[in-house]
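Structure assessment
Each chain, written out:
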Amino acid sequence: MSHSASFHLSENIAPLKSGTKQLRRSIQRALKNCQPQDFLYCNKQGHEQLRKALSDHWREDGIYIAPEDIFITNGCMPALSLIIQKLTEVGDSILIPTPTYNGHLQLLASLKRQIVEIPADHRGIDLERLESLMQQGLVKVCLMTANYQNPLGYCFSNAEKQKIAELAAKYQCFIIEDDIFGECGYSSERPLPIRYWDREGYVVWCGSVSKSLSSAYRVGWFCLTTKLEHLKLELLVSNIGVNTPLQLGLADFIYSRGYREHLEQLRPNLMRQVEEYRSCILKAFEGIPIALSQPEGGYALWIQLPKSVDSLALYYTAQAQGITVVPGHVFGEDERYRHFIRLNAGHELTADVRQAIMSLADWSRQQMKTVS
């Protein structure tokens, strides 16, 4: 494998230029119209203007969250971390579908929480097994993504989401729902989160604009439920205030319809781009028995390689040539994903990226020959 350029087939999306341009205008407009108090420490729950803007934005998609229930955070991971620490203690077990986003596993490890894995595939998870684990009382909390899970790309049906919300209430097991890819679907209709069917207050909905807008825009949130109202003061004390001009810029972006217009362009572009990557991968790996995910949204592609191909060895070889992939080892606690890799289709498929994918395929062929 020989390559001179650097290609990150691992994380994040390249924002659409039109969205970036409009967002810049919104930030400039927000700064121009800032009030003196906006340059003081902001309410730790988040600026009221942004919380109201998000509430109004979600209402257009049929999701009803009151502004007073929204807490603004410095991205989605800080939101998840804060809620996990308030709902569980060190040593507690948290259920998580695997393979799953490696950042979730790293977060739980850093918080010294135990992990109970439930296998997932392109269809989702086994709800009967989920109920069995809840019923046994083995876990206090479930951390899951219902819409376009990373790395598999599946989206639960409405019936499955409703069932999960009902199970959470029945067994009093909280669901922390990471919906960071919820607005990155290929359909014009945004899928509803599990939170939509939550009647008893056991689903904490978390998200961010880092995947739908820009990874550099560190604005996220979690939405409190009446069941957790008693934690509000603790959460306010623990939450780290978010840059006020950034909050006001995003609020302006939403109210000016710039964000909605950006999403309308993003979704078909993502679908086209992901399909281009899938076609390129299938062509490059022709003759190699692989399985390739076909996500319903997002931009993660999950590739199952022959068992003779070690994805960690592939990772180090590719990295030495300036090509970054994510080896399957980091998506679960054991070695079951050692022959899987995840690629990021969030960037334009240039000629150089095509060559990088060809290089990965060529190395895989060499590895298969060496083992045989």
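Heads up: these notes are all about the structure in this document. Predicted model, so just to flag it, every value in this text is computed and none were measured. (Residues numbered from 1 in each chain as written. Predicted model: local features only at pLDDT ≥ 70, side-chain atom pairs only at ≥ 80, totals over all residues. Heavy atoms only, no water.)

**Brief notes about the environment of Gln 367**
Short version of the rule: Helix numbering and strand numbering both begin at the N terminus, where a helix is a DSSP run of H or I of at least 4 residues and a strand a DSSP run of E of at least 2. Only protein chains enter the calculation, and the probe is 1.4 Å; a residue is then buried if its accessible area is under 20% of its type maximum, exposed if over 50%, and partly exposed in between. Should any heavy atoms of two residues lie within 4.5 Å, those residues are counted as being in contact.
Here Gln 367 lies in helix 11 (residues 351-371). Among the residues examined, Gln 367 registers a relative accessible area of 19% and is labelled buried. Separated by 39 residues in sequence, Gln 367 and Gly 328 place their C-alpha atoms 17 Å apart. Aside from chain neighbours lying at most four places away, what touches Gln 367 is Ser 308, Val 309 and Asp 310.

**Some thoughts on empty space enclosed by the protein**
Heads up, the condition is: Grid spacing is 1 Å over the protein atoms alone, the probe is 1.4 Å, and a cavity is where that probe fits but cannot get out, while a pocket is an open set with protein on both sides within 12 Å along at least five of seven lines and lining residues have an atom within 4 Å of a point. Grid points are joined across faces, edges and corners, and a volume is the space filled by probe spheres set on the points. Throughout, the ten residues Ala, Val, Leu, Ile, Met, Phe, Trp, Tyr, Cys and Pro are labelled nonpolar, Asp, Glu, Lys and Arg are labelled charged, and all others, Gly among them, are labelled polar.
Under the definition given, this model contains three cavities of 30 Å³ or more. Of the voids in this model, the largest cavity is the one considered here, and its volume is about 70 Å³. What lines the largest cavity is Trp 58, Asp 179, Ile 180, Glu 183, Arg 190, Trp 205, Cys 206, Gly 207, Ser 208, Ser 212 and Trp 221. Ranked by residue count, the leading element in the lining of the largest cavity is strand 8 (residues 203-208), at four residues. When its residues are assigned to classes, the lining of the largest cavity shows five nonpolar, three polar and three charged.

**Remarks on the sheet that holds strand 14 (residues 340-344)**
Note the following rule: For two strands to be treated as a pair, DSSP must find at least two bridges joining them. Only the stretch in contact is used when fitting a helix axis, every axis being a line fitted to C-alpha atoms; angles between N-to-C directions are given from 0 to 180 degrees.
Strand order in the open sheet formed by four strands is 10-11-14-13, with antiparallel pairing between adjacent strands. Each end of this open sheet is capped by a strand with a single partner; those strands are strand 10 (291-292) and strand 13 (326-327). Taken together, the two bridges between strand 13 and strand 14 define a ladder with antiparallel strand orientation. Each bridged residue has a counterpart across the sheet, and for Val 326 the counterpart in strand 14 is Arg 342. Where helix 9 (residues 258-284) meets the sheet, it contacts strand 10, strand 11 (300-304) and strand 14, and its direction lies at approximately 20 degrees from that of strand 11.

**Let's talk about the nonpolar core**
Let me state the cut-off plainly: Throughout, nonpolar core names a set of buried Ala, Val, Leu, Ile, Met, Phe, Trp, Tyr and Cys residues whose side chains join them through atoms within 4.5 Å.
Leu 130 and Phe 222 are the most contacted members of the largest nonpolar core, which totals 118 residues. Per-element accounting of this core gives the leading share, nine residues, to helix 9. Ignoring sequence-local partners within four residues, the contact set of Phe 222 consists of Asp 69, Ile 70, Phe 71, Thr 73, Ala 79, Leu 82, Ile 83, Val 204, Trp 205, Cys 206 and Leu 235.

**Thoughts on the environment of Arg 129**
Inspection of the secondary structure assignment puts Arg 129 in helix 5 (residues 127-135). As for Arg 129 and Ile 118, which are separated by 11 residues in sequence, their C-alpha atoms are 7.8 Å apart. Residues within four places of Arg 129 in sequence aside, it is in contact with Ile 118 and Pro 119.

**Considering the side chain of Ser 212**
Counted only if it meets this: For this analysis, a polar contact is any N or O atom pair within 3.5 Å, provided that within protein one partner can donate a hydrogen and the other can accept it, and provided that sequence-adjacent residues contribute only side-chain to side-chain pairs.
Residue position: Ser 212 is located in the loop between strand 8 and strand 9 (220-223). According to the relative accessible area criterion, Ser 212 is buried, its value standing at 2%. At a separation of 2.7 Å, a polar atom in the side chain of Ser 212 contacts the side chain of Tyr 259. The residues touching Ser 212, leaving out its near neighbours within four places in the chain, are Glu 183, Cys 184, Tyr 259, His 262, Leu 263 and Leu 266.

**Details of the pairing of strand 6 (residues 141-144)**
Our working definition: With the strands pointing away from the viewer, any crossover whose connection runs clockwise from the first strand over the helix to the second is right-handed.
The alternating pattern of strand 6 places Val 141 and Leu 143 on one face and Cys 142 and Met 144 on the opposite face, and all of these are buried. The sheet contact formed by strand 3 (residues 93-98) and strand 6 spans two bridges and is parallel. From the neighbouring strand, Ile 94 faces strand 6, where its bridge partner is Val 141. Alignment of strand 6 against strand 7 (residues 174-178), held across four bridges, turns out to be parallel. Pairing of Leu 143 across the sheet is with Ile 176, part of strand 7. A crossover links strand 6 with its parallel partner strand 7, the connecting element being helix 6 (residues 158-170), and its sense is right-handed.

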